[in-house]
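# Residue-level structural notes
The primary structure of each chain is shown beneath.
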Amino acid sequence: MDLYEVMRITHAVREFTDEPLPDDTLYRILDNARFAPSGGNRQGTHITVVRDAHTRQRLAELSVPGARRYIAQLVVGENPWNPVHPSSVASAVIDNTDPPDVFIDSVIQAPVVLVVSVDLEVVAAFDQNLDRIGLVSGASVYPLVWNILLGARNEGYGGNLTSMAIPQEAQVRQLLGLPDTHALAALVPLGKPTRQLTKLRRRTVEEFVTHEHFDGAPFTRPTRDR
């Protein structure tokens, strides 16, 4: 499959058939995904492959509190888990909000869940002293995650990157024996999709790319002489 085609049709898969994802296919996906760049080429990411149904069930349960807040904020028009604007939703409301099954079921239904963590002892967090939430350390892990999703799509499978369980990092750490220096970065359920999308909608280049300045002119498609 052409690289650009894979980039254009790789979507978030949250519903899976009962078809297994064989170890040889998963190994091939990971073997190719590992060439993703990381900060300083330190390659501090670790992936725990979880197939056990009881462990996946527990990971799904640990995703519920994050999903409750996400949905409760959506209902009142807030951007969920936004680091700039604090939520106005009361804790009691969040606790009594039932998230849609789709937010949780993918972790249960997928034949395999990859638990992705990154060793904070080897990342270069250049933004650690800025007065905002840190982002730079993600460069050491998320290119690998995206390569995994591209590879899965190329193999006829699919998955999604979910961070709902991250607020419960301590319990995930205990469940899987993650070292204290490792931060939970993502859960990635993988499996055979109930349907594969072949066309996605995204903002155009002109809508989010500008020349020279944040408020500069849109970067437009070059015209060619005929």
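These lines cover the structure that appears in this document, whether it is placed above or below. These figures come from a predicted structure and were not determined experimentally.

## Focus on the layout of surface pockets
Empty space within the largest pocket amounts to approximately 920 Å³. What lines the largest pocket is a set of 29 residues, among which Trp81, Tyr142, Ser163, Ile166 and Ala185 lie closest to the centre. Secondary structure elements with two or more residues in the lining of the largest pocket: helix H3 (53-75), helix H5 (102-109) and strand E4 (182-191). Residue classes in the lining of the largest pocket are distributed as 19 nonpolar, eight polar and two charged. When its volume is computed, the second largest pocket comes out at roughly 590 Å³. Taken together, 17 residues form the lining of the second largest pocket, with Arg8, Arg202, Arg203, Thr204 and Val205 sitting closest to its centre. Only helix H1 (3-9) and helix H8 (205-208) provide two or more residues apiece to the lining of the second largest pocket. Grouping the amino acids of the lining of the second largest pocket by side-chain chemistry returns seven nonpolar, four polar and six charged.

## Some remarks on empty space enclosed by the protein
Taken as a whole, this structure holds one cavity of 30 Å³ or more when the rule is applied. The space that makes up the largest cavity amounts to roughly 30 Å³. Secondary structure elements with two or more residues in the lining of the largest cavity: helix H6 (142-154) and strand E3 (158-159). Grouping the amino acids of the lining of the largest cavity by side-chain chemistry returns three nonpolar, five polar and one charged.

## So, the nonpolar core
Membership of the largest hydrophobic core comes to 22 residues, with the highest contact counts inside it found for Leu114, Val116, Ile148, Val188 and Leu190. Listing elements by their share of this core, those giving two or more residues are helix H2 (23-33), strand E2 (112-119), H6 and E4. Residue contacts for Ile148: discarding those within four places in its chain leaves Ile29, Leu30, Ala33, Ile47, Leu114 and Leu190. Counting residues in hydrophobic clusters, the runner-up holds 15 residues, among them Val50, Leu62, Val113 and Met164.

## Focus on unusual backbone geometry
Phi is mostly negative for residues that are not glycine, and the peptide bonds are mostly trans. Of note, the phi angle at Trp81 is positive, near 55°, even though the residue is not glycine. Considering the arrangement of structural elements, one finds Trp81 in the loop between H3 and helix H4 (91-95). Residue classification places Trp81 among the partly exposed residues on the basis of a relative accessible area of 37%. Backbone geometry at Glu212 places phi at a positive 65°, although glycine is not the residue there. Summarising the element assignment, Glu212 is placed in the segment after H8.

## Considerations on the pairing of E2
In terms of residue burial, E2 counts as a mostly covered element, since eight of its eight residues are buried. Of the two faces of E2, both are covered, the one formed by Val112, Leu114, Val116 and Val118 as well as the one formed by Val113, Val115, Ser117 and Asp119. Bridge count for strand E1 (residues 45-50) against E2 is six bridges, and the pairing is antiparallel. In the sheet register, His46 faces E2, and the bridge partner there is Ser117. Note that E2 and E4 share eight bridges and pair antiparallel. Counted as the bridge partner of Asp119 is His182 from E4.

## Looking at the side chain of Thr55
Relative to the assigned elements, Thr55 resides in helix H3. Overall, the relative accessible area of 17% leaves Thr55 in the buried class.

## Examining the pattern of salt bridges
Scanning all chains against the criterion turns up seven salt bridges. A salt bridge links Asp98 to Arg68, with the nearest nitrogen and oxygen atoms 3.4 Å apart. With Asp98 in the loop between H4 and H5 and Arg68 in helix H3, the pair connects residues that are 30 residues apart, well separated along the chain. We classify Arg68 as partly exposed; its relative accessible area is 22%.

Cut-offs applied
Residues numbered from 1 in each chain as written. Predicted model: local features only at pLDDT ≥ 70, side-chain atom pairs only at ≥ 80, totals over all residues. Heavy atoms only, no water. 1 Å grid on protein atoms, 1.4 Å probe; cavity = no way out; pocket = protein on both sides within 12 Å on 5 of 7 lines; lining within 4 Å. Points joined across faces, edges and corners; volume = space filled by probe spheres on them. Helix = DSSP H or I, 4+ residues; strand = E, 2+ residues; numbered from the N terminus. Nonpolar A, V, L, I, M, F, W, Y, C, P; charged D, E, K, R; others polar. Core = buried A, V, L, I, M, F, W, Y, C linked by side-chain atoms within 4.5 Å. Buried < 20%, exposed > 50% of the residue type's maximum accessible area, 1.4 Å probe, protein only. Contact = heavy atoms within 4.5 Å. Pairing = 2+ DSSP bridges. Salt bridge = Lys/Arg side-chain N within 4 Å of Asp/Glu carboxyl O.

That's the geometry; what it means functionally is another story.
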